[in-house]
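# Descriptive structure summary
One-letter residues, chain by chain:
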Amino acid sequence: QVQVVESGGGLVQPGGSLRLACTVYGIPTMNAMGWHRRAPGKERDMVATISGSGRPDYAESVKGRFTISRDNAKNIMYLQMNNLKPEDTAVYYCYCFNPHDSTAYWGQGTQVIVSS
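First, a word on what this report is: a plain description of the structure on this page. No experiment lies behind these values; they were computed from the predicted model shown. (Residues numbered from 1 in each chain as written. Predicted model: local features only at pLDDT ≥ 70, side-chain atom pairs only at ≥ 80, totals over all residues. Heavy atoms only, no water.)

## Let's talk about the nonpolar core
Counting residues in hydrophobic clusters, the biggest one holds 28 residues, and the most contacted among them are Trp35, Leu79, Met81 and Tyr92. Elements with a minimum of two residues in this core: strand 3 (18-25), strand 4 (33-38), strand 5 (44-50), strand 7 (66-71), strand 8 (76-81), strand 9 (90-98) and strand 11 (110-114). Leaving out residues up to four positions away in the same chain, tyrosine 92 has contacts with Glu6, Leu20, Trp35, His36, Arg37, Val47, Phe66, Leu79, Met81, Gly109, Thr110 and Val112. (Core = buried A, V, L, I, M, F, W, Y, C linked by side-chain atoms within 4.5 Å. Buried < 20%, exposed > 50% of the residue type's maximum accessible area, 1.4 Å probe, protein only. Helix = DSSP H or I, 4+ residues; strand = E, 2+ residues; numbered from the N terminus. Contact = heavy atoms within 4.5 Å.)

Here is the structure:
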């Protein structure tokens, strides 16, 4: 059974940092993975992705502040978020793509609140 679990969210002041983790059970993490977020009243948007070969891609709004990485040995993907802004407040979701059944498996999300 495949399970994807996000962790690391919380309340942080503007300018602060958080590191989100996405732990995957049941499938390897060496394929495409990524983070999306849904801000209050808005649609879900891509934040960062990492390809099977490790190439990262970022939304313009987070470039230079967020870093996506992955530890395949531990089956965990990370999102390091620095210099956080109130507009980064959202529920953050991660996914892991399984090429064997062409399915992207999503987690339930973790809440990030940036506020003073």
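Now that the structure is up, let's keep going.
## Brief notes about the state of the cysteines
Overall, the coordinates contain one disulfide when judged by the stated rule. Cysteine 96 takes part in no disulfide bond, and the closest cysteine sulfur, belonging to cysteine 22, lies 7.1 Å away. Owing to a relative accessible area of 0%, cysteine 96 belongs among the buried residues under this scheme. (Disulfide = S-S within 2.5 Å.)

## Overview of the pairing of strand 9
Most of strand 9 is tucked away, with seven of its nine residues classed as buried. Here six bridges tie strand 4 to strand 9, and the two strands are oriented antiparallel to one another. In the strand pairing of strand 9, arginine 38 is matched with valine 91. The sheet contact formed by strand 9 and strand 10 (residues 103-106) spans four bridges and is antiparallel. Bridge pairing in strand 10 places tyrosine 95 opposite tryptophan 106. (Pairing = 2+ DSSP bridges.)

## Some points on the layout of surface pockets
In this structure, the largest pocket encloses a volume near 200 Å³. As for the largest pocket, its lining consists of 13 residues, of which Arg37, Ala39, Lys42, Asp45 and Glu87 are closest to the centre. Here the residues of the lining of the largest pocket are counted per class, giving five nonpolar, two polar and six charged. (1 Å grid on protein atoms, 1.4 Å probe; cavity = no way out; pocket = protein on both sides within 12 Å on 5 of 7 lines; lining within 4 Å. Points joined across faces, edges and corners; volume = space filled by probe spheres on them. Nonpolar A, V, L, I, M, F, W, Y, C, P; charged D, E, K, R; others polar.)

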